[in-house]
Amino acid sequence: MTYVRSLVSAIALTGSVALATSPAHAGGIDAGTLIENTATATYDVNGTPGSVDSNTITIRVDELLDVTVTSLDGGAVPADSGSAVLTFSITNTGNGPEAFQLTADPSVAGNDFDATVTGIAIDTNGNGIYDEGVDTILGAGDNSGELAPDASLTVFVLVTTPGGVSDGDNSQVNLTADAVTGTGAPGTAFAGAGVDGGDAIVGLTGASNDALGSLIAGVVTVNLVKSADIADPFGGNQPVPGAIITYRIVATVTGTGSIDDLTITDAYPTGTTYRPTTLTLDGGTLTDADDADAGKADATGIEVLLGTTTGGVSHTITFDVVID
Amino acid sequence: MKLKTFHRAATAFGTACLLLATAPAVTAQDQIVLDSDVKVHKTTVDANGVEKTEMVKPEVVVPGDRLTFATLYHNTGAEPATNFVVTNPLHKAVSLASDADPALIVSVDGGKTWGRLANLTVTGEGGTSRAAGHLDVTHIRWTLPVVEPGARGRLEYPAIIR
């Protein structure tokens, strides 16, 4: 029965090998996996079957340090309110759990302006959108936290734009992720720094990767042009008592983005009196009262609330005064 | 060394089973010594930019590394060993290297069926069949008709860490 028994044990061995595995990832088989190899021989000697196993050799898979960084923004992020959030993804493409040091550099060659990085945040609630007060902002020296092999993390770089930036100016911010264990030329080894005390080896990415996020400054400008037409009581245009002055204010908004709460006010010149019910906006009459419509006129001046106004839009306001 | 492979292993097993009933209880267990060995290929570039590959002890291995697994056999007895079959399961963390000898007899189904890789198929999900590839190999087997007393040899296969 020797032969039968050895055959059974060979099958059992096969089963145990098949079970003793770790999942393979993009970064390869998990660090710390033990690869065992045992060969079995069966044979006959003078018709008597025999079988023998070899010694089992075991090698441990060391940790490969690799990372990729990509920008998740579809294009340049508008920074029209003076701040912006750039979104990146960090993926551990190595084969062991690893944390990454994150560095955002706003000084990129070719920038029209350099933004100021005010923080790097982790997408704590995993919704892909920066939620102030919810997503954790990394403190000085903090790293990404440990990422499992193949795991990705969404990271936000929070920036502000400096003053003096022109509309449409472009800027880039470079986010770098460095393996905390170490970086270097591919093949660089960190003895004992890997999983289960194995070595950690720098992979093809150098255990460091970076990606650029783009910003475009949206600077909105309001341009006001005021003109006056005079109609005197005698059919001329002399500024004499009783003459009517029609003031025209053209408010033109230029630039990328929009401006909020745009309000145009104008005081009547000394020696003139407002001519009731002459206030208009874009050709439509506004009541003088402070009511639901956008405008009002009182004893000293007019006020028209244009509200949120996007670049490229212009409005025309007119009103009449009479020279006293 | 040059290896010869056999395709009548099943016949050999059948013969062994028939002989089992009548063979005298002579111990054959100590007749053969098997010794397993593994080396990793490390490529270095010297100062002149010339690449050199060495086979070294696998002290540091990472996914993608190339290993050579070897089994050294030695017939230490006084009698020839016949129907000599060495079976080597592959750990799932490694795959047979794509430049392995196409004449190797392998299994892609856990050792149930055997053949040259080019002649084997695997059944995927949904029951569709496709040609087997190097990643599918689960076992390698060498068959030698006889190992004479005192004879020794080396059986090896190249593997890549997945």
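Residues numbered from 1 in each chain as written. Chains lettered and ligands numbered in written order. Predicted model: local features only at pLDDT ≥ 70, side-chain atom pairs only at ≥ 80, totals over all residues. Heavy atoms only, no water.

Visitor: Would you mind going over the overall build of chain B with me for this structure?
Guide: In terms of helices and strands, chain B carries 1 helix and 11 strands. Taking all 162 residues of chain B together, 40% fall into the buried category. Counting only contacts in chain B whose residues sit at least 6 apart along the sequence, the fraction spanning at least 24 positions is 72%. Carbon and sulfur atoms make up 55% of the accessible area of chain B, which amounts to about 8,600 Å² in all. (Helix = DSSP H or I, 4+ residues; strand = E, 2+ residues; numbered from the N terminus. Buried < 20%, exposed > 50% of the residue type's maximum accessible area, 1.4 Å probe, protein only. Contact = heavy atoms within 4.5 Å. Areas by Shrake-Rupley, 256 points an atom, 1.4 Å probe, with all protein chains shown as cover.)

Visitor: Just checking my understanding: could you explain the nonpolar core for this structure?
Guide: Generally speaking, soluble globular proteins have nonpolar side chains that are buried together. Counting 42 residues, the largest nonpolar core has B:L67, B:F69, B:F84, B:L96, B:I140 and B:Y157 as the members making the most contacts within it. Residue assignment for this core shows that the elements contributing at least two residues are β4 (40–45) and β6 (57–60) of chain A together with β1 (32–45), β3 (66–75), β4 (81–89), β5 (94–96), β10 (139–147) and β11 (152–161) of chain B. (Core = buried A, V, L, I, M, F, W, Y, C linked by side-chain atoms within 4.5 Å.)

Visitor: Is there a simple way to think about the sheet that holds strand β14 (residues 170–179) of chain A in this case?
Guide: Whether parallel or antiparallel, the strands of a sheet pair through hydrogen bonds between backbone atoms. Residues and elements named next belong to chain A. The sheet built from 4 strands is open, its strands ordered β9-β17-β14-β11 with mixed pairing. Every other strand in the sheet has two partners, leaving β9 (77–79) and β11 (100–105) as the edge strands with one partner each. The mean angle between the axes of side-by-side strands here comes to 30°, regardless of whether they run parallel or antiparallel. Relative to strand β17 (residues 208–217), β14 runs antiparallel, the two being bridged by 9 bridges. (Pairing = 2+ DSSP bridges. Axes fitted to C-alpha atoms, helices over the stretch in contact; angles between N-to-C directions.)

Visitor: Mind showing me how you'd approach the packing of aromatic side chains here?
Guide: Describing an aromatic ring pair means giving the distance of the ring centres and the angle of the ring planes. All names here are of chain A. Tallied over the entire structure, the rule returns 8 aromatic pairs over all chains. An aromatic cluster is present here, built from Y247, Y268, Y274 and F319 joined pairwise through their rings. We note K226 situated over the ring of Y247; from NZ or CZ to the ring centre the distance is 4.5 Å. (Phe/Tyr/Trp six-rings, centres within 6.5 Å; stacked < 30°, edge-to-face > 60°. Lys NZ or Arg CZ within 6 Å of the ring centre and 35° of its normal.)

Visitor: Help me out: how do you make sense of the pairing of β10(B) in this one?
Guide: Regular strands show a simple pattern: their side chains alternate between the two faces of the sheet. Residues and elements named next belong to chain B. Among the 9 residues in β10, 7 count as buried, and that is most of the element. As paired strands, β4 and β10 are joined by 8 bridges and run antiparallel to one another. Within β10, the residue paired with T82 across the bridge is V146. Here strand β6 (residues 105–107) pairs with β10 via 3 bridges, running antiparallel. When the bridges of β10 are listed, I105 appears paired with R141.

Visitor: What should I look at first to understand the environment of B:E54 in this one?
Guide: All names here are of chain B. The topology assignment puts E54 in strand β2 (residues 51–56). A relative accessible area of 37% places E54 in the partly exposed class. For the pair E54 and H41, spaced 13 residues apart in sequence, the C-alpha separation works out to 5.5 Å. Apart from residues lying up to four places away in sequence, E54 is in contact with V40, H41 and K42.

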